[in-house]
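Single-letter residue listing:
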Amino acid sequence: MDLVGTLVHAEIAMRAMADGTFLPAIQMELDHVGAGHHRVLAHVLYQRGDRDKAEAKLKTLRRGESITVRTSLADLRLLVPAASLPNDTP
C-alpha cells in the first residue's frame, strides 16, 4: 500500500525492536494523506550500522515536498488523539 503526503517534518530516530535491539530510522510526519487529508507518522527502518545511510537520505528530504511511503495493511497503526467514551459524563 502506497501512502502519499506532504512532508512536514523528518528526523533520525532509534526504533526499539521486539528482540531488544535498536535500529536507525527516518521518522517522517506527512500531511494531506489520502482523501481525508490525514496526518501520518511513518518510520523508514534501516539495518543496524546503517545510521550514516539514514542520515544521508534525510539530508535529501525537503519540507513541503511530496513523499510516497510503502507499507503493508498489517503494519498500519491508528492513533486517535482526541477520543471520548460514549455515555461518559465529565
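Above this text sits the structure in question.
What comes next concerns the included structure. (Residues numbered from 1 in each chain as written. Predicted model: local features only at pLDDT ≥ 70, side-chain atom pairs only at ≥ 80, totals over all residues. Heavy atoms only, no water.)

## Here we look at the pairing of strand β2 (residues 22-33)
Bridge count for strand β1 (residues 2-16) against β2 is 10 bridges, and the pairing is antiparallel. Bridging from a neighbouring strand, His-9 pairs with Glu-29 of β2. Hairpin connection of β1 to β2: 5 residues between the antiparallel strands, including Gly-20 at a positive phi of 90°. The pairing of β2 with strand β3 (residues 38-45) spans 7 bridges and is classified as antiparallel. Paired with Glu-29 across the strands is Leu-41, a residue of β3. (Pairing = 2+ DSSP bridges. Helix = DSSP H or I, 4+ residues; strand = E, 2+ residues; numbered from the N terminus.)

## Focus: the layout of surface pockets
What the largest pocket holds in volume is close to 930 Å³. Leu-41, Ala-42, Asp-75, Leu-76 and Arg-77 are the residues nearest the centre of the largest pocket, which is lined by 23 residues in total. Listed by contribution, the elements that provide at least two residues to the lining of the largest pocket are β1, β3 and β4 (66-70). It is β3 that contributes the most residues to the lining of the largest pocket, 8 residues altogether. The residue inventory of the lining of the largest pocket, partitioned by class, reads 14 nonpolar, 4 polar and 5 charged. (1 Å grid on protein atoms, 1.4 Å probe; cavity = no way out; pocket = protein on both sides within 12 Å on 5 of 7 lines; lining within 4 Å. Points joined across faces, edges and corners; volume = space filled by probe spheres on them. Nonpolar A, V, L, I, M, F, W, Y, C, P; charged D, E, K, R; others polar.)

## Some details on the environment of Leu-41
Here Leu-41 is to be found in strand β3. Between the C-alpha atom of Leu-41 and that of Ala-10, which follows or precedes it by 31 residues, the distance is 9.5 Å. Excluding anything up to four places from it in sequence, Leu-41 contacts Gln-27, Met-28 and Glu-29. (Contact = heavy atoms within 4.5 Å.)

## Re unusual backbone geometry
A negative phi angle characterises most non-glycine residues, just as the trans form characterises most peptide bonds. Backbone geometry at His-32 places phi at a positive 60°, although glycine is not the residue there. If you trace the backbone, His-32 turns up in strand β2. Classification of His-32 as partly exposed rests on a relative accessible area of 45%. For His-37, which is not glycine, the phi dihedral falls at a positive 55°. On the secondary structure map, His-37 appears in the loop between β2 and β3. (Buried < 20%, exposed > 50% of the residue type's maximum accessible area, 1.4 Å probe, protein only.)

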